[in-house]
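# Inside the fold
Each chain is listed here by its residues.
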Amino acid sequence: MKAVITELNWPVGIDMLREKGFTVIYQPELWKDREALVQETADAEILIVRNQTQVDEALLQQVPHLQIVGRLGVGLDNIDLKAAEQAGVEVITAKNANAASVAEYVISAMFHVTRPLAEAALDVKGGNWDRRGFTKGELYGKTLGLIGTGETGIRAADRAKSLGMHVIGYDPFVKTYDYAVMETGIDMMELDAALQQADFISLHVPLTPATKHLINRERMKQMKPGSWVINSSRGGVIEENDLYDMIQTEEIGGAFLDVVEKEPVDPDHPLLTLGNCFITPHIAGLTEEAQSRTSKMIAEEIIQRVGK
Ligand SMILES: O=C(O)[C@H](O)COP(=O)(O)O
């Protein structure tokens, strides 16, 4: 069987597939060249992607042997699930494999706001000894508002709780008596209330028509002055022009974004000019541990289904 991997993958899963006799084509830049992608996948049974390869109806029609699409992550906004189902192609994800890493990203982002240690250390290297400029505050006693309380939200909540934070959440798909949510002690409420009460709003939702630009001017107007938005989900969930205005006019404190609507970010993107907006290159789930886990999980699932 032939497996084509069109984006970055860690070696462990590639080795596992090869050991089971799969012919593995690993071309981490292949997603950029649609024609080459179609050509390489035309006789493949397995396609392994991240978030850039557009697995749409047109592609699915050109790859008649395809049986499985393995997604090295959880976001499915680049995969047409309906078209895959119609084509008889199963889509498998690396469920929860990067959740701990994403949760740690959220905590790191909050600490970056309250305890900017790297900036303080750089300032010292610059010859200063400023004991007053970096005294921002504690996370203890602050409120983290989770929009989306699935696996990454719950793990972020768990870690925030251990820091003495109050955690509130909104998720229309999660029942208030959901066991994991209850056990973690997330105080579930309506979106408006969560926006109004949180010191940090962290987004943990997939990009769907319902969540596109969910965080827009109107919603951010409800947030506390000085509060921050953290986005490790998908860029499209935030209306970026509105976010720019809200930070620029100091109606909110700032934003920590791991994702933007168009990736890689345009070097001229206005958000990059703001001192209180930090953009990282979609790395929340990209730790060694999470990616080895992801790579292994997808290989295992494929081998279980079609491996000899
Ligand atoms: O959807 C996900 O799981 C994360 O965004 C990580 O996946 P990616 O590295 O393919 O974006």
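Being a predicted model, the structure only gives us computed values, none of them experimental.

With 100% of its residues at a pLDDT of 70 or more, the protein has an overall mean of 97. Here the predicted complex carries an ipTM of 0.95, next to a pTM of 0.95.

This brings us to the UniProt feature "domain: D-isomer specific 2-hydroxyacid dehydrogenase catalytic" (unreviewed entry) in the protein. The sites that carry the UniProt feature "domain: D-isomer specific 2-hydroxyacid dehydrogenase catalytic" (unreviewed entry) are, in the present numbering, residues 11-304. For the annotated span residues 11-304, helix accounts for 37% and strand for 15% of the residues, and the straight-line distance between the end C-alpha atoms is 19 Å.

Attention shifts here to the environment of Ser232. Inspection of the secondary structure assignment puts Ser232 in the loop between β10 (228-231) and α11 (240-248). Using a relative accessible area of 12% as the deciding quantity, one classes Ser232 as buried. The sequence separation of Ser232 and Val205 amounts to 27 residues, and the corresponding C-alpha distance is 9.1 Å.

Surrounding the ligand, one finds Arg50, Asn51, Arg71, Leu72, Gly73, Val74, Gly75, Asn98, Arg234, His282 and Leu286. In this structure, His282 approaches the ligand through a side-chain N or O atom, which is 2.8 Å from an oxygen atom. Within the complex, 92% of the 300 Å² of free accessible area of the ligand lies under protein. Class assignment for the residues of the shell around the ligand results in three nonpolar, five polar and three charged.

On to the UniProt feature "domain: D-isomer specific 2-hydroxyacid dehydrogenase NAD-binding" (unreviewed entry) in the protein. This chain's UniProt record puts "domain: D-isomer specific 2-hydroxyacid dehydrogenase NAD-binding" (unreviewed entry) on residues 108-284. In this annotation, residues 108-284 is assigned 31% helix and 15% strand; the end-to-end C-alpha distance for the span is 10 Å.

In the contact formed by helix α1 (residues 11-19) and helix α12 (residues 288-306), the axes pass within 7 Å of each other and the chain directions differ by 20°. By the angle class used here, α1 and α12 are roughly parallel. Judged by the sense of rotation from one axis to the other, the crossing of α1 with α12 is right-handed. Across from Val12, Gly13, Ile14, Met16 and Leu17 in α1, the residues of α12 making contact are Ser292, Ser295, Lys296, Ala299, Glu300, Ile302 and Ile303. Partitioning the contact of α1 with α12 into residue classes produces seven nonpolar, three polar and two charged.

In the structure shown here, the tally under the stated rule is three aromatic pairs. Ring geometry for Tyr105 against Phe256: centres 6.2 Å apart, planes inclined by 80°, an arrangement best described as edge-to-face. Here Phe256 lies in strand β11 (residues 254-257) and Tyr105 lies in helix α5 (residues 99-114), a separation of 151 residues in the sequence. Phe256 matches Tyr105 in its accessibility class, with the two residues each being buried. With 5.2 Å between their ring centres and 20° between their planes, Phe256 and Phe278 make a pair best called stacked. In this pair, Phe256 is assigned in strand β11 and Phe278 in strand β12 (residues 277-279), connecting sequence segments 22 residues apart. A connected cluster of aromatic rings, assembled from ring pairs, spans Tyr105, Trp228, Phe256 and Phe278.

Conventions we followed
Residues numbered from 1 in each chain as written. Predicted model: local features only at pLDDT ≥ 70, side-chain atom pairs only at ≥ 80, totals over all residues. Heavy atoms only, no water. pLDDT = per-residue confidence, 0-100. UniProt positions renumbered as here; feature names shortened; annotations may be inferred. Helix = DSSP H or I, 4+ residues; strand = E, 2+ residues; numbered from the N terminus. Buried < 20%, exposed > 50% of the residue type's maximum accessible area, 1.4 Å probe, protein only. Near = heavy atom within 4 Å. Polar contact = N/O pair within 3.5 Å; in protein donor to acceptor, adjacent residues only side chain to side chain. Areas by Shrake-Rupley, 256 points an atom, 1.4 Å probe, with all protein chains shown as cover. Nonpolar A, V, L, I, M, F, W, Y, C, P; charged D, E, K, R; others polar. Axes fitted to C-alpha atoms, helices over the stretch in contact; angles between N-to-C directions. Parallel < 35°, antiparallel > 145°, perpendicular 65-115°, else oblique. Left-handed = near helix turned anticlockwise from the far one by under 90°. Contact = heavy atoms within 4.5 Å. Phe/Tyr/Trp six-rings, centres within 6.5 Å; stacked < 30°, edge-to-face > 60°.

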